[in-house]
Amino acid sequence: MNTPAKRLREILKRPGPMVSIGVWDAFSAIVAEQEGFEVLTLFGSMASWSMIGKPDSGNITQTEMLDAARRIIRAVSVPVIVDCDDGFGDPMNVRRTVQLVEQIGAAGMYIEDLRRPLRCSALGGGRLIPSDEMVQKIRAAVEARANPDFFIMARTDDYEGVDEVVARSKKYAAAGVDMILAIGLTSRDAMAKVGKEAGVPISTIQAAGTRMPMLPRDTLAGMGYKAIFHVPTMFSAAAHSMREAARQLKSDLDAGAAQPRVMPGPNPVEMEKMVGLDDDDKLNVRYSTESSCC
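Reading guide: rules and limits
Chains are numbered independently. Their residues run from 1 in the order of the written sequence. Only residues with pLDDT of at least 70 get local features here, since the model is predicted, and only at 80 or more are side-chain atom pairs given and counted; chain-wide, interface and lining totals rely on the full set of residues. Excluding hydrogens and water, the side-chain figures rest on all heavy atoms present in the structure. A run of H or I in DSSP becomes a helix once it reaches four residues, and a run of E becomes a strand once it reaches two; helices and strands are each numbered from the N terminus. Only C-alpha atoms enter the radius of gyration, while the globule expectation follows 2.2 Å times N to the 0.38, with N the number of residues. Remark: exposure states derive from per-residue accessible area (1.4 Å probe, protein chains only) relative to the maximum for the residue type, with buried under 20%, exposed over 50%, and partly exposed in between. Should any heavy atoms of two residues lie within 4.5 Å, those residues are counted as being in contact. For accessible areas, the Shrake-Rupley method is used with a probe of radius 1.4 Å. Any residue's cover is judged against the shown protein chains and nothing else. We score Asp and Glu as negative and Lys and Arg as positive, and we do not count His or the chain ends. Taken as the charge location is NZ of Lys, CZ of Arg, CG of Asp or CD of Glu. In the sections that follow, a salt bridge refers to a side-chain nitrogen of Lys or Arg positioned within 4 Å of a carboxyl oxygen of Asp or Glu. Of all possible arcs, the one meant is that of the directions from the helix axis to the C-beta atoms. Two strands pair under a simple rule: DSSP has to find at least two bridges between them. A clockwise course of the path from the first strand over the helix to the second, judged with the strands pointing away from the viewer, identifies a crossover as right-handed. Axes here refer to lines fitted to C-alpha atoms; in helices the fit is confined to the stretch in contact. Angles between the N-to-C directions go from 0 to 180 degrees. What qualifies as a polar contact is a pair of N or O atoms within 3.5 Å, subject to a donor-acceptor requirement within protein and to the restriction that residues adjacent in sequence count only when both atoms come from side chains. Two rings belonging to Phe, Tyr or Trp (six-membered ring only in the last case) form a pair when the distance between their centres is within 6.5 Å. Interplanar angles under 30 degrees mark stacking, angles over 60 mark edge-to-face geometry, and anything in between is tilted.

(A) Summary view of the overall build of the protein chain. Each helix and strand in the protein chain was counted, giving 12 helices and 8 strands. In terms of overall size, the protein chain behaves like a compact globule, its C-alpha atoms giving a radius of gyration of 21 Å where 294 residues would be expected to give roughly 19 Å. Referenced to the eigenvectors of the C-alpha coordinate spread, the extents of the protein chain come out at roughly 70 × 50 × 35 Å. When the 294 residues of the protein chain are sorted by exposure, 45% land in the buried category. Taking contacts inside the protein chain between residues at least 6 apart in sequence as the whole, the part at least 24 apart equals 68%. As presented, the protein chain carries roughly 14800 Å² of accessible surface, and 53% of it is formed by carbon and sulfur atoms. Side chains of the protein chain give 35 positive and 38 negative charges; the mean places of these two sets differ by 4 Å.

Right, here's the structure in full:
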């Protein structure tokens, strides 16, 4: 059976690193798929910002992430990976998280070794749990999956030095995860060291404005990275455009302009078509009770 998890694994077998873009709701996922991205990732940061208006420090719950993931997965046909923070608890909670994420049709997920309150090392200010505790979470995650193709990653953050990132990557891979996601490496040399010395399938993120350097895909591939996750690209653009549109409209209204300016972007009809208006119209004709004869 060609499941999303199996398709993800097939994509990862291709030459060069897999590239995934971050999404946060059904519409952003549809846009990303229409623009040619083959793998999407629901990140906790964007889910937290958009769903509950809170920082990405562990505020969002397992239920809220599952609800967001379910809507995204139903809206697109490409594989979706789900950020599951620290697994939302101890190893028993991790088991339940894996089961639920797999049941809603995700291709894969990842859990991280951060201590609460969660704080991404791309921003700074956090701490790690002991690696032995993370190994037990990984064991629980791997044993909980029903489909062996379901892709499980372990994320580790650079809070204790590059050598520790390498050591944890090897340890977590030995515990059974399919890939490591290394976050917060603050220099090109650090990223190269982890990519070359970890000796396990490894990936990283690209997020402008964080402590991590932005590097070309081919450069990261040469360092040994098998997957690259572009996190806030669309969300940052959307946030900028929304702020500019609100400011512009408020300015025009305050000035008493007869005709407020219109920001660039698809109009309502175009957006309806983006999410399937033509298909809905065909179905409405098909199920209509009105006679089609003269």
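(B) Main features of the pattern of salt bridges. Following the criterion strictly, the structure yields 19 salt bridges and no others. Across the pair Asp218 and Arg217 runs a salt bridge whose closest N-O atoms are separated by 3.5 Å. By relative accessible area, Asp218 is classed as exposed at 57%. Here the salt bridges share partners, and the residues they tie into one network are Arg9, Arg145, Asp149 and Asp178.

(C) Local environment of helix H1 (residues 4-12). All of the buried residues along H1 are Ala5, Leu8, Arg9 and Ile11. Along the axis of H1, the buried positions cluster into a sector of 160 degrees, meaning they face one direction only. If you follow the buried residues of H1, they end up packed against strand S1 (18-23), strand S3 (80-83) and strand S5 (151-157).

(D) Here's a closer look at the pairing of strand S6 (residues 179-183). Extensive coverage of S6 is indicated by the burial of 5 of its 5 residues. Here S6 shows two buried faces, one formed by Met179, Leu181 and Ile183 and the other by Ile180 and Ala182. As paired strands, S5 and S6 are joined by 5 bridges and run parallel to one another. The residue of S6 that forms the bridge with Arg155 is Leu181. For the segment spanning S5, helix H7 (residues 162-175) and S6, crossover handedness is right-handed. Looking at chain direction, S6 and strand S7 (residues 202-206) are connected through 3 bridges and run parallel. Paired with Ala182 across the two strands is Thr204, which belongs to S7.

(E) Local environment of the environment of Val142. Take Val142: it is sitting in helix H6 (residues 131-144). On a C-alpha basis, the gap between Val142 and Thr233 in space is 31 Å, while along the polypeptide they are 91 residues apart. When near neighbours in sequence (up to four residues on either side) are disregarded, Val142 contacts Ile152, Ala175, Gly176 and Val177.

(F) Representation of the sheet that holds S5. An order of S1-S2-S3-S4-S5-S6-S7-S8 is seen for the 8 strands of this closed barrel, with the pairing classed as parallel. Looking at each pair of strands side by side, their axes are set apart by 30 degrees on average, direction ignored. Where strand S4 (residues 108-112) and S5 come together, 5 bridges link them in parallel fashion. From the neighbouring strand, Gly108 faces S5, where its bridge partner is Phe151. In this fold helix H5 (residues 91-103) packs onto S3 and S4, with an angle of close to 155 degrees to the strand it touches most, S4. Each of S5, S6 and S7 is contacted by H7, which is oriented at about 160 degrees to S5, the strand it contacts most.

(G) Quick look at the environment of Ser28. Along the chain, Ser28 turns up in helix H2 (residues 26-34). Leave out the neighbours within four places in its chain, and Ser28 touches Val23 and Met234. A distance of 3.0 Å separates a polar atom in the side chain of Ser28 from the backbone nitrogen of Trp24.

(H) Quick look at the packing of aromatic side chains. Following the criterion strictly, the structure yields 3 aromatic pairs and no others. Ring centres of Phe43 and Phe229 lie 6.4 Å apart, and the angle between their planes is 90 degrees; this geometry places the pair in the edge-to-face category. Here Phe43, found in the loop between strand S2 (40-42) and helix H3 (44-52), pairs with Phe229, found in strand S8 (residues 225-230); they are 186 residues apart in sequence, far enough to count as distant. A residue is classified by how much of its surface remains accessible, and Phe229, at 1% relative accessible area, is buried. What links up through ring pairs into an aromatic cluster is the set Trp24, Trp49 and Phe235.

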